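Descriptive analysis of the structure
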Amino acid sequence: MDRELFEVAVKARQNAYIPYSHFAVGAAVRAKDGRIFTGCNIENASYGLCNCAERCAIFAAVKEGVREFDALCVTADTPQPVSPCGACRQVMAEFHIPKVYLTNLKGDCKETTVEELLPYSFAL
Ligand code: THU
């Protein structure tokens, strides 16, 4: 468990915009240079436009020019550590995030890798 990344993800979760699902998710990703970027889920009345916390965090980093990552942590109020959706797994694969911490608010943590989450991922 990466305590710092977890705590930042928990804090980011507070900004989740979730009028439809009422399910708040927070994420934090650490760049290789040590900077941490955060994300929360942001929903929309047009449901298909909902954006997950993980992609929000990764895109926040990429838009600052970051391409190299160390680890990502995602968290939600779930009985087991929250598991990322397929779209977020594919985005994690795109940026080769080496370590992924799936957590819940209790602090349970499953440390995994993108390879484990999305074997045979699509790449060009
Ligand atoms: N959600 C995330 O933010 N990350 C995940 O890994 C799974 C799902 C969001 C999308 C939507 O706003 C809500 O959780 C319910 O699906």
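Look up a bit, the structure's there.
Parameters and conventions
Residues numbered from 1 in each chain as written. Predicted model: local features only at pLDDT ≥ 70, side-chain atom pairs only at ≥ 80, totals over all residues. Heavy atoms only, no water. Buried < 20%, exposed > 50% of the residue type's maximum accessible area, 1.4 Å probe, protein only. Helix = DSSP H or I, 4+ residues; strand = E, 2+ residues; numbered from the N terminus. Arc of directions from axis to C-beta. Pairing = 2+ DSSP bridges. Axes fitted to C-alpha atoms, helices over the stretch in contact; angles between N-to-C directions. Contact = heavy atoms within 4.5 Å. Parallel < 35°, antiparallel > 145°, perpendicular 65-115°, else oblique. Left-handed = near helix turned anticlockwise from the far one by under 90°. Nonpolar A, V, L, I, M, F, W, Y, C, P; charged D, E, K, R; others polar. Near = heavy atom within 4 Å. Polar contact = N/O pair within 3.5 Å; in protein donor to acceptor, adjacent residues only side chain to side chain. Phe/Tyr/Trp six-rings, centres within 6.5 Å; stacked < 30°, edge-to-face > 60°.

**Quick word on helix α1 (residues 3-13)**
- When we look at burial in α1, the residues that qualify are Leu 5, Phe 6, Ala 9, Ala 12 and Arg 13. All buried residues of α1 fall inside an arc of 125 degrees around its axis, so they share one side.

**Considerations on the sheet that holds strand β4 (residues 99-104)**
- Taken in spatial order, the 5 strands of this open sheet run β2-β1-β3-β4-β5, and their pairing is mixed. The two strands at the open ends of the sheet, each matched to only one other strand, are β2 (36-40) and β5 (109-112). Within this sheet the neighbouring strands show an average axis-to-axis angle of 15 degrees, counted without direction.
- Sheet analysis places strand β1 (residues 25-31) next to β2, joined by 5 bridges and oriented antiparallel. The residue of β2 that forms the bridge with Gly 26 is Cys 40.
- The sheet contacts of α1 involve β1, β2, β3 (69-76) and β4, and relative to β1 the element is tilted by about 140 degrees.

**Description of the pairing of β1**
- For β1, the buried fraction is high: 7 of the 7 residues fall into the buried class.
- Side chains Val 25, Ala 27, Val 29 and Ala 31 of β1 all project onto a buried face; the interleaved residues Gly 26, Ala 28 and Arg 30 project onto the opposite face, where all are buried too.
- Two successive antiparallel strands, β1 and β2, enclose a turn made up of 4 residues, where Gly 34 displays a positive phi of approximately 100 degrees.

**Comments concerning the packing of helix α2 (residues 53-62) against helix α3 (residues 86-94)**
- Between α2 and α3, whose axes approach to 9 Å, the crossing angle comes to 25 degrees. The angle between α2 and α3 places the two elements in the roughly parallel class. The chirality of how α2 crosses α3 is left-handed. Seen from α2, the contacting residues are Glu 54, Arg 55, Ile 58 and Phe 59; seen from α3, they are Ala 87, Cys 88, Val 91 and Met 92.
- Of the residues assigned to the contact of α2 with α3, the class counts are 6 nonpolar, no polar and 2 charged.

**Quick word on α2**
- Among the 10 residues in α2, 7 count as buried, and that is most of the element.
- Residues of α2 that are buried include every one of Ala 53, Glu 54, Arg 55, Cys 56, Ala 57, Ile 58 and Ala 61, and no others.
- Lining the buried residues of α2 we find β1, β2, β3 and α3.

**Looking at the site of the ligand**
- For the ligand, the full set of nearby residues is Ser 21, Phe 23, Val 25, Asn 41, Glu 43, Cys 52, Ala 53, Glu 54, Ser 83, Pro 84 and Cys 85.
- The contact in question runs from an oxygen atom of the ligand to an N or O atom on the side chain of Glu 43, over 2.5 Å.
- In terms of residue class, the shell around the ligand is built from 6 nonpolar, 3 polar and 2 charged.

**Things to note about the packing of aromatic side chains**
- On inspection of all chains with the given rule, the structure shows 2 aromatic pairs.
- For the pair Tyr 20 and Tyr 47, a centre-to-centre distance of 5.6 Å together with 50 degrees between the ring planes defines the contact as tilted. Placement of Tyr 20 in the loop between α1 and β1 and of Tyr 47 in the loop between β2 and α2 is noted, with a sequence separation of 27 residues between them.
- With centroids separated by 6.1 Å and ring planes inclined at 75 degrees, the aromatic side chains of Phe 69 and Phe 95 adopt a geometry described as edge-to-face. Pair noted here: Phe 69 is in strand β3 and Phe 95 is in the loop between α3 and β4, with a separation of 26 residues, a long-range link.
- On the basis of relative accessible area, Phe 69 is assigned to the buried category, the value being 2%.

Limitation: the analysis is restricted to geometry and does not speak to function.
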